[in-house]
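Geometric and topological summary
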Amino acid sequence: MNAVGFAWRSLVRQPARATLGIVGVAAVGALLFDMLLLSRGLIVSMQDLLDRGGWDIRVSAGELPVDSRFIPNALDAAQVIAALPSVEAALVIREAEAQVDRISGPPLRASFQGVTTRSSTSVGSALRAPWTIMRGRDAEQPNEVVVDTDVASSAGLEPGSQITMRASCLSDLEALPVTRLQVVGIAEFPFESTSENTIGGTFDALQAACGGNIGAGANLILVRSTGDPDAATAAIRASQPGLRAATNTEVLGQVQRTGFTYFRQISSVLTTVTVSFAVLLITVLLTVSVNQRLGEIAALRALGFSRTRVVKDVLAESALTVGIGGLLSLPLGLLLASGLDRILKGMPGIPAALHFFVFEPQALVVHVALLVATALIAALYPMRIVSRLPIAATLRSEVMG
Amino acid sequence: MRSGLGARDPGLGTREVVVDARAVSRVFAMPAGPVTAVKDVTLQVRGGDHVAVRGPSGCGKSTLLHMLGCVETPSSGTLLFDGQDVGGLSDARRSLLRLNQIGFVFQRFFLLPMLTASENIELPMSEAGLAKAKRRARARELLEYVGLAARADHRPSQLSGGEMQRVAIARALANGPRLLLADEPTGELDESTGAQIASLLDRVNQGGTALVIVTHDPALADRAARVLMMRDGRIESEQAQ
C-alpha cells in the first residue's frame, strides 16, 4: 500500500475529522479562489468593456477615463483624427438627458447617447456603435433608437414600438417639443450602471430630439487605429494638442492606479489571511491525528518502515485533505463569487457589465499553487513529529499508558 | 524475503550467530541526570535460538530487546547484526535491516484499525516492494499458518485479543525474518489465549527463526531454551533448559 492509499485509509478511519478538514479547506479555498478572481477580475472586465466594439483609443477634453467637459468642435476634430494615416475610424459620442413617456407612471429619466454615423471615414469594414445589440437591429435613421433592457421593460417597449421623449441637450430649463422615435433594437450599453437608463441613436436622432440645438460639442471620441494604437495616439496628440488621447491600455492603467488598487490590496490581505487559516486548520487536524497514532507509527517504524515513508504518509494525508477540499472549493468559490459580484455591482456608478470576479486560467493556476503550498506547509510540523519520533520510548510509553 | 512461512527451514545453517551484543550499554539522558537502562550486556543469539528475558519492571528488558532489534543503538559496546556493526548504520539502513531481517510482536499488537487482517500482514511486504499478487498470496499463507484464514477480511475491531496477536505475529513474519522479537506478547491476553500464542511462537521458532521474548509470564519463559534473568540493567543469570 503506497503512501496515498495509506493516507486515504487514515482519513476514512476518522470520517468526522476528515470531513471537518475537507469542509474547512473547501470553505477557505472558496474564499481564496474568490480573492484571486477579485485581484484581476476588475482589470480583465474593464479591459473587456473598453475593447468592446473594437475602439482602441479614447479622446476627451479632460482626464480619462471620466471627465464631464465637452470636446469643443468635436465633429471637426473627429474628422481630422479620422483622416490621420494611423487611424481607421473615429466615432463621436454626445450624451443628453432625456425623459421617456410611459403609459402608466411618471416619465422615465434616461441618458440619450447620440453617435456620429459609423462610416465617418472610407473604411471597408462596418463600424460598430459603443453598444451591443441584444434584440432587433441598430439604429441607423434619424427617427430610430435602441434602448436598454431596463427602459424596454419599464416603458413596455419592444423592437417596432414607438417612443415619445423629450431631450435636454444644453440646459435643464429648456422646454423642448416632444419627439416620437421608433425603437428598432434592445441594446446593452457597456458602461451603464444598474441604476441608469440609456437610449442610443445616431447623432442626427439626438439632434432631432434636441430640436436642432445640439451644438458642436461632444463627450468623447472613440478611435480605431489601423493596428498600432500607440502610434495613432501619438499622432492624435500631435494633431489635437488641446485634447487628451489615451489607448485602452493607458486608460486601464490609469483606472488600475486609482480605483482598483483598493480591491487588489483587500484581495492580497484576505488571500494571506485565508491561506494562513487553512494552514493552521490542517496543521491542527494533522497534529491531532498523528499524536493519536504515535504508537502505531512507532510500531511501523520498528517493523522497518523508513522515516521517509512515515513522513510521506503524513504529507499524503495533508495533500488528500487539501486536494479534496480544494476541488470542492472551485464550484463553491464560483457560486460565492457570483453572489458577491451581484452585491458589489449594486454600488452606485458601477457599470452593470463590469464584473468584480472574473475567471482566468491564471487564477486557477495560482489557486492550485497556493493549495499545494498550504498542504506542504501545514504538514511540516506533523511531519517533524513523526520523523523525530523515538521508536522505543514511544512503544514503552504506549504500553505504560 | 525468504521462502517458507513463519517457517524458516531448520536445516539451513540456523545455528549461525544472528545478533551479537558485546558489552553493550544504553544510557538515557534524563532531566535528573543520565539513566543507564542496560549495563555491559554480552549476548549472542543464534539462528533457531529460543531466548526468554525475565526480570522486574524497569530492569532494562525492553531496552535490551529494542537494541537487539536495532531500534536503539548502544551507547557503548558493539552490537553486530549478521556481522554488521549496527552502531555504524544510518537510520535508513537500520530500518531496512529491521524490515528484512527482524520481526516485532508487541504487547498491544499495534495493528492498524483501518486495515483488514490481510492488509495489516501485507504492510511490511508492501514496504519491502513485493508485488501485490505475491503479497496477497503470502498474507493468505500466513493467515492459514496462524489459523485465521477465515478472518482475512476482518478488521482488528472484529477480532479477539488472541486473534489480533496472531495477526500481529503473521505480520512480523511477513518478510521472513531471521529474528523474531516479542515484548510481553501475552501481556494483554488471558491464560488460555496466552498459551495458544505461546504455542504459535514455539512453532515459529521450531521453523528456524530465532526468538527472543521479553516476559513476566513464567509459563511463557519456561518454553524457552535459554532464560536470561535481568536486574538493574545487567544479565544476572542465564539458565539453559
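All values derive from a computational prediction rather than experimental measurement. (Residues numbered from 1 in each chain as written. Chains lettered and ligands numbered in written order. Predicted model: local features only at pLDDT ≥ 70, side-chain atom pairs only at ≥ 80, totals over all residues. Heavy atoms only, no water.)

Overview of the overall build of chain B
Worth spelling out the cut-off: Secondary structure elements follow DSSP: runs of H or I no shorter than four residues count as helices, runs of E no shorter than two count as strands, and numbering proceeds from the N terminus. Only C-alpha atoms enter the radius of gyration; for comparison, a globular chain is expected to reach 2.2 Å times N to the power 0.38, where N is the number of residues. Any two residues whose heavy atoms approach within 4.5 Å at even a single point are treated as in contact. All accessible-area figures derive from a Shrake-Rupley calculation using a 1.4 Å probe, and residue coverage is judged against the displayed protein chains alone. Positive charges are assigned to Lys and Arg, negative charges to Asp and Glu, while His and the chain termini are left out of the count. Working definition for charges: the position is that of NZ of Lys, CZ of Arg, CG of Asp or CD of Glu.
The secondary structure content of chain B amounts to 7 helices and 10 strands. Since a compact globule built from 241 residues should have a radius of gyration of about 18 Å, the 17 Å found for chain B is in line with a globular shape. On the principal axes, the C-alpha backbone points of chain B span a range of 50 × 40 × 40 Å. Here the analysis covers contacts within chain B between residues at least 6 apart in sequence; of these, 73% occur between residues at least 24 apart. Approximately 9700 Å² of chain B is accessible, and the part contributed by carbon and sulfur atoms is 47%. Across chain B, the 29 positively charged side chains and the 27 negatively charged ones have centroids separated by 4 Å.

Topic: a nonpolar patch on the surface
Residue and element names in this part refer to chain A. Applicable threshold: In this scheme, patches are assembled from residues that exceed 30% relative accessible area and form no salt bridge. Like charges are connected within 9 Å, while nonpolar side chains (Val, Leu, Ile, Met, Phe, Trp, Tyr) are connected within 5 Å. Each salt bridge in this description consists of a side-chain nitrogen of Lys or Arg and a carboxyl oxygen of Asp or Glu lying within 4 Å of one another. Buried means the residue's accessible area, taken with a 1.4 Å probe over protein chains only, is under 20% of the maximum for its type, while exposed means over 50%, and partly exposed covers the values in between.
Where nonpolar side chains cluster on the molecular surface, the patch consists of Tyr262, Ile266 and Leu270 and spans about 300 Å² of accessible area. Residue position: tyrosine 262 is located in helix 8 (residues 261-292). Since its relative accessible area comes to 55%, tyrosine 262 is described here as exposed.

Comments concerning the sheet that holds strand 6 (residues 102-105) of chain B
Residues and elements named next belong to chain B. Quick note on the threshold: Criterion used throughout: strands pair if DSSP finds at least two bridges between them. In this analysis an axis means a line fitted to C-alpha atoms, helices contributing only their contacting stretch, and an angle means the value between N-to-C directions, from 0 to 180 degrees.
Spatial ordering of the open sheet is given by 6-7-8-3-9-10, a layout of 6 strands whose pairing is mixed. Only two strands of the sheet have a single neighbouring strand rather than two, namely strand 6 and strand 10 (234-240). On average, each strand axis in the sheet is inclined to that of its neighbour by 20 degrees, with strand direction left out of account. Summarising the sheet, strand 3 (residues 50-54) and strand 8 (residues 210-214) pair through 4 bridges and their orientation is parallel. Residue pairing across strands places valine 51 opposite valine 212, the latter belonging to strand 8.

Remarks on helix 1 (residues 3-13) of chain A
Side chains three or four residues apart in an α-helix point the same way, a direct result of the helix having 3.6 residues per turn. For the record, the criterion: Directions pointing from the helix axis toward each C-beta atom define the arc. Whenever a nitrogen or oxygen atom comes within 3.5 Å of another N or O atom, the pair is scored as a polar contact, on the condition that within protein one atom can donate a hydrogen and the other can accept it, and that pairs from neighbouring residues in sequence are kept only if both atoms are in side chains.
Along helix 1 of chain A, the residues that are buried comprise Ala3, Phe6, Ala7, Ser10 and Leu11 of chain A. The arc that holds every buried residue of helix 1 of chain A, seen down its axis, measures 140 degrees, which confines them to one face. Taken together, the buried residues of helix 1 of chain A touch helix 2 (15-51), helix 9 (294-302) and helix 10 (307-345) of chain A together with helix 3 (117-127) of chain B. Where helix 1 of chain A begins, the side chain of asparagine 2 of chain A points an oxygen toward the backbone nitrogen of valine 4 of chain A, at a separation of 3.2 Å.

Quick look at the interface of chain A and chain B
Test applied: Once two parts are brought into contact, the accessible area they lose, counted with a 1.4 Å probe and summed over both, makes up the buried area. As a working rule, the residues Ala, Val, Leu, Ile, Met, Phe, Trp, Tyr, Cys and Pro are called nonpolar, Asp, Glu, Lys and Arg charged, and the rest polar, with Gly in that last group.
Every contact between the two is made by 24 residues of chain A and, on the other side, 28 residues of chain B. Across the chain A/chain B interface, buried area totals approximately 2400 Å², and carbon plus sulfur atoms make up 63% of it. Three residues stand out in chain A for area buried against chain B, namely Met1, Arg9 and Leu303 of chain A, and they jointly supply 26% of the buried area on that side. The tally of links from chain A across to chain B stands at 4 salt bridges. A salt bridge links aspartate 91 of chain B to arginine 307 of chain A; the shortest N-O distance between them is 3.6 Å. Connecting chain A to chain B are 8 residue pairs in polar contact (both at pLDDT 80 or more). Elements with a minimum of two residues in the side of chain A that touches chain B: helix 1, helix 9, helix 10 and helix 12 (391-400) of chain A. Taken together, the residues of the side of chain A that touches chain B sort by class into 11 nonpolar, 5 polar and 8 charged.

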